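Inside the fold
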Amino acid sequence: MPASEPEVLVGRRYLDRGFLDAAMRLFVKNAELVTAADWTRLAERLLERNRIPDAVRVCELGAVPLPRERLLAAADACLKRKDVDGTMRLYELGGADRERWTRLVDVLTSLPDRARQAIEVVERHLSSDPQPEPPIEEPKPAREVKLPRQIKAVK
């Protein structure tokens, strides 16, 4: 079915009125006619309602960048509530800086059952350089291998 400009216009009106599912359905159906500004507005409105997976999908479909600052602000709010899983997910999506990851580790270390997770965060996001690989050992020079003496049978 060909894309329809009137459907995109109706989708914009739905977006203006806050009917995000209806707008998203029409925008996805007519993706080639939807502008980057429309996709961005829809993604921001979805983030306002904490619909992170939908916002990510909309940004992918519209080929627009994720609203990084909004994601990081939502992640900071999750961290205040000690929702460490939500924080990690949003920090990874938003490309959090070192300071934010450090704050997450501080919260994780205040929770005794999250030690392994804190270690993983440090390894992944706070290590100054990647884990050193074990040095490659140079092959030792081959020794002369003495073959066992051959014994001949004598009659």
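Below: a short report on this structure. (Residues numbered from 1 in each chain as written. Predicted model: local features only at pLDDT ≥ 70, side-chain atom pairs only at ≥ 80, totals over all residues. Heavy atoms only, no water.)

Remarks on the overall build of the protein chain
Regarding its fold elements, the protein chain presents eight helices and zero strands. The N-to-C order of helical and strand elements in the protein chain reads α-α-α-α-α-α-α-α. Relative to its full complement of 155 residues, the protein chain shows a buried share of 34%. The contacts of the protein chain with a sequence gap of at least 6 include a subset with a gap of at least 24, amounting to 44%. Of the accessible surface of the protein chain, which amounts to about 11,300 Å², a share of 55% is contributed by carbon and sulfur atoms. (Helix = DSSP H or I, 4+ residues; strand = E, 2+ residues; numbered from the N terminus. Buried < 20%, exposed > 50% of the residue type's maximum accessible area, 1.4 Å probe, protein only. Contact = heavy atoms within 4.5 Å. Areas by Shrake-Rupley, 256 points an atom, 1.4 Å probe, with all protein chains shown as cover.)

Notes on the environment of Arg 51
With respect to the helices and strands, the residue Arg 51 is situated in the loop between helix 3 (36-48) and helix 4 (52-62). Setting aside anything within four residues of it in sequence, one finds Arg 51 in contact with Leu 20, Asp 21, Met 24 and Leu 46.

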